[in-house]
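# An overview of the molecular structure
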Amino acid sequence: MIEQQRIQRLEAISTDYSELPRRVLFVLGSGQSPAVDVFEEAAKQRFTTIEPQLLNELARGQRRSITISTPAQMIPEIVRSLATVNVAIYQVVLLEGDDEQPPVAADSMTAVD
């Protein structure tokens, strides 16, 4: 039952349109230029942060994973951008925030009589 509840919380993240940053781990097949370019672009977005040291290690090929802090709705954008430049993505793991309930979107609220 606990596993099902966690799955439901994780599924609910797809409806989180807030700017609440979440820590996310990306495990990649390669850590050089195309991936670095994608993450540098992502870092320009509001509420997205990446430690410069991790980005430098990725650029030098010293690592194949990177953790970032970004709103949930940026995750698919980053995945799409990585795929566009042929960077293999082996895992995307939510490190923080899967135990939080995302804010309810205004259009999903219903009136109660």
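Residues numbered from 1 in each chain as written. Predicted model: local features only at pLDDT ≥ 70, side-chain atom pairs only at ≥ 80, totals over all residues. Heavy atoms only, no water.

### Considering the overall build of the protein
For the record, the criterion: Think of it this way: any DSSP run of H or I at least four residues long counts as a helix, any run of E at least two long counts as a strand, and we number them from the N terminus. A 1.4 Å probe rolled over the protein chains alone gives each residue an accessible area, and that area as a share of the maximum for its type sets the label: buried under 20%, exposed over 50%, partly exposed in between. Contact definition: two residues touch when any of their heavy atoms are within 4.5 Å. What sets the accessible areas is the Shrake-Rupley method with a 1.4 Å probe; for residues, cover comes only from the shown protein chains.
What the protein contains, in helices and strands, is four helices and four strands. Within the protein, the proportion of its 113 residues that are buried is 33%. The contacts of the protein with a sequence gap of at least 6 include a subset with a gap of at least 24, amounting to 76%. Looking at the protein as shown, the accessible area adds up to about 7300 Å², and 51% of this sits on carbon and sulfur atoms.

### Observations regarding the confidence of the model for the protein
How we decide: Values of pLDDT, ranging from 0 to 100, describe the predictor's confidence in every residue of the model.
Of the residues in the protein, 84% have a pLDDT of 70 or more, and the chain-wide mean is 85. Predicted confidence is poor over residues 101-113, with pLDDT under 50, and the contacts of this stretch with residues over four places away or in other chains come to 11 contacts.

### Quick look at the sheet that holds strand 4 (residues 89-94)
As a reminder of what qualifies: A pair of strands is labelled paired if DSSP reports no fewer than 2 bridges between them. Axis angles are defined between N-to-C directions and span 0 to 180 degrees, where every axis is a line fitted to C-alpha atoms and, for a helix, only to the segment in contact.
Strand order in the open sheet made by the four strands is 2-3-1-4, with antiparallel pairing throughout. Every interior strand has two partners, whereas the edge strands, strand 2 (49-50) and strand 4, have only one. Each of strand 1 (21-28), strand 2 and strand 3 (65-71) touches helix 3 (residues 52-59); the most contacted strand, strand 3, lies at about 135° to it. Contacting strand 1, strand 3 and strand 4, helix 4 (residues 74-84) crosses the sheet at an angle of about 20° to strand 1.

### Notes on the nonpolar core
Counted only if it meets this: To qualify as a nonpolar core, a set must consist of buried Ala, Val, Leu, Ile, Met, Phe, Trp, Tyr and Cys residues joined through side-chain atoms within 4.5 Å.
In this structure, Phe26, Phe39, Ile66, Ile78 and Leu82 are the most contacted members of the largest nonpolar core, which totals 22 residues. Among the elements of the structure, strand 1, helix 2 (33-43), helix 3, strand 3 and helix 4 are those that each provide at least two residues to this core. With five residues, the top contributor of residues to this core is helix 2.

### A short note on the packing of helix 2 against helix 3
Our working rule: If an angle is under 35 degrees, it is roughly parallel; if it is over 145, roughly antiparallel; if it lies from 65 to 115, roughly perpendicular; otherwise it is oblique. For a crossing to be left-handed, the near helix must be turned anticlockwise from the far one by less than a right angle; the clockwise case is right-handed. In this classification, the charged set is Asp, Glu, Lys and Arg, the nonpolar set is Ala, Val, Leu, Ile, Met, Phe, Trp, Tyr, Cys and Pro, and all remaining amino acids, among them Gly, are polar.
Close contact between helix 2 and helix 3 brings their axes to 9 Å; oriented N to C, the two are set at 160°. Overall, the two elements helix 2 and helix 3 adopt an arrangement that is roughly antiparallel. In the crossing of helix 2 with helix 3, the sense of the turn from one axis to the other is left-handed. Between helix 2 and helix 3, the residues in contact are Ala35, Val36, Phe39 and Glu40 and Leu55, Leu58 and Ala59, respectively. Of the residues belonging to the contact of helix 2 with helix 3, the class tally is six nonpolar, no polar and one charged.

### Considerations on the environment of Thr15
Inspection of the secondary structure puts Thr15 in the loop between helix 1 (2-12) and strand 1. Assessed through its relative accessible area of 41%, Thr15 is described here as partly exposed. Residues Thr15 and Gln73, 58 residues apart in the sequence, show an inter-C-alpha distance of 8.4 Å.

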